[in-house]
Amino acid sequence: MKFLTDLSILINFSAVVQAIILIAQLKKGKYLNHTSNRLLAFILLAFSIVIINSIRALFDPFFLDSYELFSNAFLLIITPSLYLYISYITRSIEAYSNRQLWHYAPFTVYISLMIVLILFGMGKNDPIVEVVSNIGFLMFILQNGIYITSSFWLLRKHRAYIKKEYSYTTNISLNWVANILLSYSITFILGVSFIIYQIIIAPIPSLINLNIVLILSIHIIVLTYKNLSKPDIL
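Note that the structure is predicted; figures quoted are calculated from it, not measured.

(A) Layout of the overall build of the chain. Helix and strand counts for the chain come out as eight helices and zero strands. Starting at the N terminus, the α and β elements of the chain follow one another as α-α-α-α-α-α-α-α. A buried classification covers 45% of the 234 residues belonging to the chain. Surface exposure of the chain reaches about 12,800 Å², of which carbon and sulfur atoms provide 69%.

Here it is in structure tokens:
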């Protein structure tokens, strides 16, 4: 078991390092001006923060336990950013607008509340914090359902458009995005199932939680590599 734990920590730490490298790559040269690339960098940052929390909990669940409250907020960034990313690469959105920031309202409200509660010296076992955490978890489930469904709808609309307008679809069908989105959806359902099991029945080993986060982060890393290797898509 110790070997598996050490291996999982190493792989997750490597994922964080890889995410930082990709963020740096997305923010330079020909990739810098693409809003979609900035969204991917934002998602990679969010996953890095979540992975670090999982590693922390595996070493010592009581060490900096307030960081968990902070890191959980970044889960509310993922699917809105994925939806906006898909919107940009399918041309459903042509340009950045401040009105798009409302997609991050749940994240902003949740993290603001958590910061206030932490500053008042409250921990994750405080009743008020638990209530806010439960509300955040419900928002996370609802948000994922809405944005995953909307993202699949955008991809389906895009696929219908290119079949009508173009004689070739190999490089513009975005099937790779659809596959990653489907895989993410399955992993999300499994992750939520484990959390519900943990709440109702019994605790889940930290090793399982750590590797669920790793699986989720792999989707974004693959998506980023695809984006960097096919800049002509944009």
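(B) Expanded view of a nonpolar patch on the surface. A contiguous nonpolar surface patch, about 500 Å² in accessible area, is contributed by F152, L182, I186, L190, F194 and I208. In terms of residue count, helix α7 (residues 175-200) provides more of the nonpolar patch than any other element does, four residues in total. The residue I208 is located in helix α8 (residues 206-229) in this model. When its relative accessible area of 33% is taken as the criterion, I208 is described as partly exposed.

(C) Looking closely at helix α2 (residues 35-59). With 25 residues, α2 should cover 36 Å at 1.5 Å per step; its first-to-last C-alpha distance of 37 Å lies within 8% of that length. Summarising burial for α2: 20 of the 25 residues are buried, a large majority.

(D) Broad picture of the packing of helix α4 (residues 78-89) against α7. Two elements in contact, α4 and α7, have axes whose closest approach is 12 Å; the angle formed by their N-to-C orientations is 165 degrees. Considered as vectors, α4 and α7 are oriented roughly antiparallel to each other. Pair α4 / α7 crosses with left-handed handedness. Here α4 contributes I78, T79, Y85, I86 and I89 to the contact with α7, which in turn contributes W176, V177, L181 and Y184.

(E) Broad picture of the packing of aromatic side chains. Evaluation of the coordinates by the stated rule reveals six aromatic pairs. When the centroid spacing of 5.9 Å and the interplanar angle of 45 degrees are considered together, the rings of Y67 and F70 count as tilted. Taken together, the residues Y67 and F70, both in helix α3 (residues 66-72) and three residues apart, mark about one turn of the helix. Judged by its relative accessible area of 28%, F70 falls in the partly exposed class. Members of the aromatic cluster, joined through ring pairs, are Y67, F70, F74 and F107.

(F) Just the pattern of salt bridges, in detail. If you walk through the whole model with that rule in mind, you get one salt bridge. Here R56 makes a salt bridge to E68, at a shortest N to O gap of 3.5 Å. Remark: E68 occurs in helix α3 and R56 occurs in helix α2; sequence separation between them is 12 residues. For E68, a relative accessible area of 22% puts it in the partly exposed group.

(G) Molecular detail of the confidence of the model for the chain. Residues with a pLDDT of 70 or more make up 79% of the chain, whose mean pLDDT is 78. Looking at the elements of the chain, mean pLDDT is at its lowest for α8, recorded as 69, and at its highest for helix α5 (residues 105-119), recorded as 91.

The rules behind these values
- Every chain is numbered on its own, with residues counted from 1 as its sequence reads.
- In keeping with the predicted nature of the model, local features appear solely for residues at pLDDT of at least 70, side-chain atom pairs appear and are counted solely at 80 or more, and the whole-chain, interface and lining totals rest on all residues.
- Note that water and hydrogens are dropped before the side-chain values are worked out from all heavy atoms of the structure.
- Secondary structure follows DSSP: runs of H or I at least 4 residues long count as helices, runs of E at least 2 residues long count as strands, and numbering of each begins at the N terminus.
- We call a residue buried when its accessible area falls under 20% of the maximum for its residue type, exposed when it is over 50%, and partly exposed in between, using a 1.4 Å probe and counting protein chains only.
- Note that accessible areas follow from Shrake-Rupley with a 1.4 Å probe, and for residues the cover is restricted to the protein chains shown.
- The patch calculation keeps residues exceeding 30% relative accessible area without a salt bridge and links them within 9 Å when they carry like charges or within 5 Å when they are nonpolar (Val, Leu, Ile, Met, Phe, Trp, Tyr).
- Here, a salt bridge means any side-chain nitrogen of Lys or Arg that lies within 4 Å of a carboxyl oxygen of Asp or Glu.
- Here the expected span of a helix is defined as 1.5 Å times the quantity of residues minus one.
- Helix axes are fitted to C-alpha atoms over the stretch in contact, other axes to C-alpha atoms as well, and angles between N-to-C directions run from 0 to 180 degrees.
- We call two directions roughly parallel when the angle between them is under 35 degrees, roughly antiparallel when it is over 145, roughly perpendicular when it lies between 65 and 115, and oblique otherwise.
- Here is the rule for handedness: rotate from the far helix to the near one, and if that takes an anticlockwise turn smaller than a right angle the crossing is left-handed, while a clockwise turn gives right-handed.
- Contacts are residue-level and defined by heavy atoms, with any inter-residue pair within 4.5 Å sufficient.
- Paired rings are identified among Phe, Tyr and Trp, the last through its six-membered ring, by centres lying within 6.5 Å, and are further divided according to the angle between planes into stacked (under 30 degrees), edge-to-face (over 60) and tilted (the rest).
- pLDDT expresses how confident the predictor is about each individual residue, on a scale running from 0 to 100.

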